[in-house]
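What follows is each chain in one-letter form.
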Amino acid sequence: MDKPKKIRPAPEITPEIVREHGLTVEEFRRILDLINRPPNLTELGIFSVMWSEHCSYKSSRPYLRRLPVEGANVLQGPGENAGVIDIGDGLAVVFKIESHNHPSFIEPHQGAATGVGGIMRDIFTMGARPIALLNSLRFGDLEEPRTRFLLNGVVDGIASYGNCTGVPTVGGEIYFDSCYNGNILVNAFCLGLVKTDRIFCAGAGGVGNQILYVGSKTGRDGIHGASLLASSEFDETTEDKRPTVQVGDPFTEKLLIEACLELFEFDWVMGVQDMGAAGLTSSSFEMAHRAETGVFMDLSKVPLREEGMVPYEILLSESQERMLFVIEAGYENEAFAILDKWGLDGAIIGEVIKESRVRIQFDGREVVNLPVFPVVEGALDLKREAKRPKYLDQVAYIDLTGIPDFSRGDTALKKLLACPNIASKEWVFEQYDHMVRLNTLVLPGSDAAVLRIKDTQKAVAISVDCNSRYCYLDPYEGAKAVVAECARNLACSGALPIGSTDNLNFGNPHNPELFWQLKEAVRGLAEGCEVFNAPITGGNVSLYNQNPNGAVDPTPTIAMVGLIEDESHVTTQWFKDEGDAVILLGALVDAENPLEGLGGSAYLQVLHDTKNGRPPRCDLVAELALNTTLFGLIQ
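The following refers to the structure shown. (Residues numbered from 1 in each chain as written. Predicted model: local features only at pLDDT ≥ 70, side-chain atom pairs only at ≥ 80, totals over all residues. Heavy atoms only, no water.)

## Thoughts on the sheet that holds strand β17 (residues 496-505)
Item 1. With respect to topology, 6 strands assemble into an open sheet ordered β14-β15-β16-β21-β17-β18, the strand pairing being mixed. At either margin of the open sheet sits one strand with a lone partner, and together these are β14 (440-442) and β18 (536-542). Sheet twist, expressed as the average angle between the axes of neighbouring strands with direction ignored, equals 25°.
Item 2. Direction of pairing for β17 relative to β18: parallel, over a ladder of 5 bridges. (Pairing = 2+ DSSP bridges. Helix = DSSP H or I, 4+ residues; strand = E, 2+ residues; numbered from the N terminus. Axes fitted to C-alpha atoms, helices over the stretch in contact; angles between N-to-C directions.)

Right, here's the structure in full:
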């Protein structure tokens, strides 16, 4: 007989262990009240990741409810892995943007690469084939040596992952500012195409249905990436968090895309979710929660790539390229045949149960027994204090001393054109494959990327934007301007907005002045998306973007999708023929007050090293009229 395995004694849950898991004393007391007993260490780890800022949105969700999420063509809004918009002809676009900021600062290549891989999985989890990638990147001062290291690593990570999976990177934005010196931002967007009758959701429905693990084996990478890396600010221990950064394999992701899309052809697939942030923990609990069921799992059946892994590590690992399926009992062999065809690991690790609990065993003993609802929804809606920042009074006015006459601005113009924020980004996007799959109608460099929808006359335009200088000076007006600029980019390309996704990048929510920035920015985004009929179908909140020197400027990034009914109306920004008329649409500069609206301008930042002043007020009614006129002229 085999000798019984030695079971390590469970450690006592001390206040220090609770703090190490990123939980407060109040939150631990709430856990005790919700489950009527002390959690074991594995269960504490589950609460730690599921109640983290990254997974629960406990600080921001009271304000996120103000965003418009409904529309005539919205098939799926927030709550699933990605949003879905009907575009006619039995087709829909699936899209979302998410951040991978903290991992990319610690390990830029893998951080950015796994950010791309993660957002792609959010898309094909819904049954859609990914057809386009965008990115929004923020780096510090280019003169800083580490900035160049981070820039090169991030760009290389994005390029290698997207190029290897055969999904084109068709556009994006890059911005440099010293406020990002200690905390870069890497936001990744993906758009996919799906038939409206083949959309899949992440629910573990049907008692007795089987839980199928698909993809790479589980290792120790990424443990506590969501709770202790993405949900805390950088400090002197930042470099010690390198093991929490996941390691990606784009070639496995490509196989995973094809295998999943083949599985989706069968009606015995009942639900699916990728194992992203919080890994197997979030996917199992969230799938059970959506279906109002429970899940039983045996971790001894999980494919592992490292010996000696314990339940805590298996559940919290954020190893990449993994999916969790729910399939109808009796179709296991059919599923394994498809996985074998694509050379992927697969295992039945459990089943759906009626009781709304997640019960987990390992080596024949129960290690987790928790109710679903408290874990998924039990985190407090935190009522954070919000207070208008004092710095706004100091930066409100521009010192005009020494500002030269604009009529003699040749030197100023050349300096502006040489600024990295304005100069061509071709040196970056030439590293991306933007033509793979041959759908790209408008290449990087115009206002928006445009992709054809094959077998139709339609095309989709996509753009991503944020002016963080404006948002620093006035988060409300700046956020409105973000939406207006995105919509204007679509209009310039011949498209009307149909939906949006947001990535809210802000500092520590415990700071009332920083939290006020978030509150005001969400108010501006809500008004802007309402006016342009571009509902928010999902997105991401990334907080704690700061280091001991301070927080990043508020960066509420918007990615917007537009529809072009006839691809013959696709329009690009560059001049065409000599002799063509050049027309300025919109308000003219006030000759009596030419400096009006100079606040937050690149001119002040580049030539005077300041970002003071009041940003231009964003009149949403006038912006909509401008877009409507422009769209009508193109038509």
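## Notes on the sheet that holds strand β4 (residues 129-139)
Item 1. Here we have 6 strands laid out as an open sheet, ordered β1-β2-β3-β6-β4-β5, and mixed in their pairing. For this open sheet the edge positions go to β1 (74-76) and β5 (169-176), each flanked by a neighbour on one side alone. Ignoring strand direction, the axes of neighbouring strands in this sheet form an average angle of 20°.
Item 2. The sheet contact formed by strand β2 (residues 83-88) and strand β3 (residues 91-99) spans 5 bridges and is antiparallel. Residue pairing for β3: Gly 83 is matched across the bridge by Phe 95.
Item 3. Each of β4, β5 and β6 (185-195) is contacted by helix α8 (residues 145-165), which is oriented at about 180° to β4, the strand it contacts most. (Contact = heavy atoms within 4.5 Å.)

## Some thoughts on helix α10 (residues 250-263)
Item 1. Taking 1.5 Å of rise per residue, the 14 residues of α10 would be expected to cover 20 Å, and the 20 Å separating its terminal C-alpha atoms lies within 8% of that figure.
Item 2. Among the 14 residues in α10, 11 count as buried, and that is most of the element.
Item 3. Capping the start of α10, Asp 249 holds a side-chain oxygen 3.2 Å from the backbone nitrogen of Phe 251, two or three residues further along. (Expected span 1.5 Å × (residues − 1). Buried < 20%, exposed > 50% of the residue type's maximum accessible area, 1.4 Å probe, protein only. Polar contact = N/O pair within 3.5 Å; in protein donor to acceptor, adjacent residues only side chain to side chain.)

## Things to note about the environment of Asn 540
Item 1. Structurally, Asn 540 is set in strand β18.
Item 2. Taking the C-alpha atoms as reference points, Asn 540 and Ser 99, separated by 441 residues in sequence, lie 6.9 Å from one another.
Item 3. Residues within four places of Asn 540 in sequence aside, it is in contact with His 54, Tyr 57, Ile 97, Glu 98, Ser 99, Asp 502, Asn 503 and Leu 504.
Item 4. There is a polar contact of 3.4 Å between the side chain of Asn 540 and the side chain of Tyr 57.
Item 5. At 3.1 Å, the side chain of Asn 540 forms a polar contact with the side chain of Asn 503.

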